[in-house]
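Residue-level structural notes
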Amino acid sequence: DISVNIKASVSRDLSIAPQDLVIVIANVFDNAINAVSKIKGRERYIDITIKDNLQRLIVMVSNPCNENMIFDELYYGIGIRSVISTVNKYEGMYDFSANEGLFSAKINMNL
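Residues numbered from 1 in each chain as written. Predicted model: local features only at pLDDT ≥ 70, side-chain atom pairs only at ≥ 80, totals over all residues. Heavy atoms only, no water.

1. What to know about the nonpolar core
In this structure, Val28, Val59, Val61, Val83, Phe96, Ile107 and Met109 are the most contacted members of the largest nonpolar core, which totals 22 residues. Here Met109 is in contact with Ile16, Val24, Gln55, Arg56, Leu57, Thr86, Val87, Tyr90 and Gly92, once residues within four sequence places are set aside. (Core = buried A, V, L, I, M, F, W, Y, C linked by side-chain atoms within 4.5 Å. Buried < 20%, exposed > 50% of the residue type's maximum accessible area, 1.4 Å probe, protein only. Contact = heavy atoms within 4.5 Å.)

2. What to know about helix H1 (residues 18-37)
The terminal C-alpha atoms of H1 lie 28 Å apart, and with 20 residues this matches the ideal 28 Å at 1.5 Å per residue to within 8%. Every buried residue of H1 is accounted for by Asp20, Val24, Val28, Ala32, Ala35 and Val36. In an axial view of H1, the angular spread of the buried residues amounts to 120°, which keeps them on one side of the axis. With respect to the buried face of H1, the exposed residues turned more than 90 degrees away are Pro18, Gln19 and Val22. Those residues of H1 that are buried are in contact with strand S2 (45-53), strand S3 (56-64), helix H2 (78-89), strand S4 (93-99) and strand S5 (102-110). (Helix = DSSP H or I, 4+ residues; strand = E, 2+ residues; numbered from the N terminus. Expected span 1.5 Å × (residues − 1). Arc of directions from axis to C-beta.)

3. What to know about the packing of H1 against H2
Contact geometry for H1 and H2: axes closest at 9 Å, N-to-C directions at 145°. The two elements H1 and H2 cross, and the hand of that crossing is left-handed. For the pair H1 and H2, contact is made by Asp20, Ile23, Val24, Asn27, Val28 and Asn31 and by Gly79, Ile80, Ser82, Val83, Thr86 and Lys89, respectively. Classifying every residue of the contact of H1 with H2 gives 5 nonpolar, 5 polar and 2 charged. (Axes fitted to C-alpha atoms, helices over the stretch in contact; angles between N-to-C directions. Left-handed = near helix turned anticlockwise from the far one by under 90°. Nonpolar A, V, L, I, M, F, W, Y, C, P; charged D, E, K, R; others polar.)

4. Remarks on H2
Compared with an ideal rise of 1.5 Å per residue, which puts 12 residues at 16 Å, H2 spans 16 Å between its outermost C-alpha atoms and is within 8% of the ideal. Turning to H2, the residues buried within the fold contact H1, S4 and S5. Of the residues trailing H2, Glu91 is marked for its positive phi of about 50°.

5. Overview of the sheet that holds S3
On the basis of which strands lie adjacent, the open sheet formed by 5 strands has the order S1-S2-S3-S5-S4 and mixed pairing. Strands with a single pairing partner mark the edges of an open sheet, and in this sheet they are strand S1 (3-9) and S4. Put simply, the sheet's adjacent strands are angled 5° from each other on average, direction ignored. When S2 meets S3, the two strands line up antiparallel, connected through 7 bridges. Following the sheet pairing, Asp52 is matched in S3 by Leu57. Sheet strands touched by H1: S1, S2, S3, S4 and S5. Its angle to S3, the strand with the most contacts, is close to 10°. Against the sheet, H2 touches S4 and S5, its axis set at about 145° to S4. (Pairing = 2+ DSSP bridges.)

Laid out in structure tokens, this is it:
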């Protein structure tokens, strides 16, 4: 009962190892599914955008979350820590936030 909207437009010749793509995309998607599954009485959706732009791979995920969700480095699980490690491997950047019932993950990795 979760609507998933995926927009993906990337080159076939990415210089990111396939297993590293799986680490990033699978973990943020799995976290989004878990968060949205806990939502009651609101629209349940996950929006994912994946694109390459100016020698960078960009992955963005947004989904509703519980209004009282605290998202802090102290609470990062193995999945988010794996994403961070992979992003750092490609000298990229990440931003995870939860504000007013909306979770957002923004990931950029150098190609």
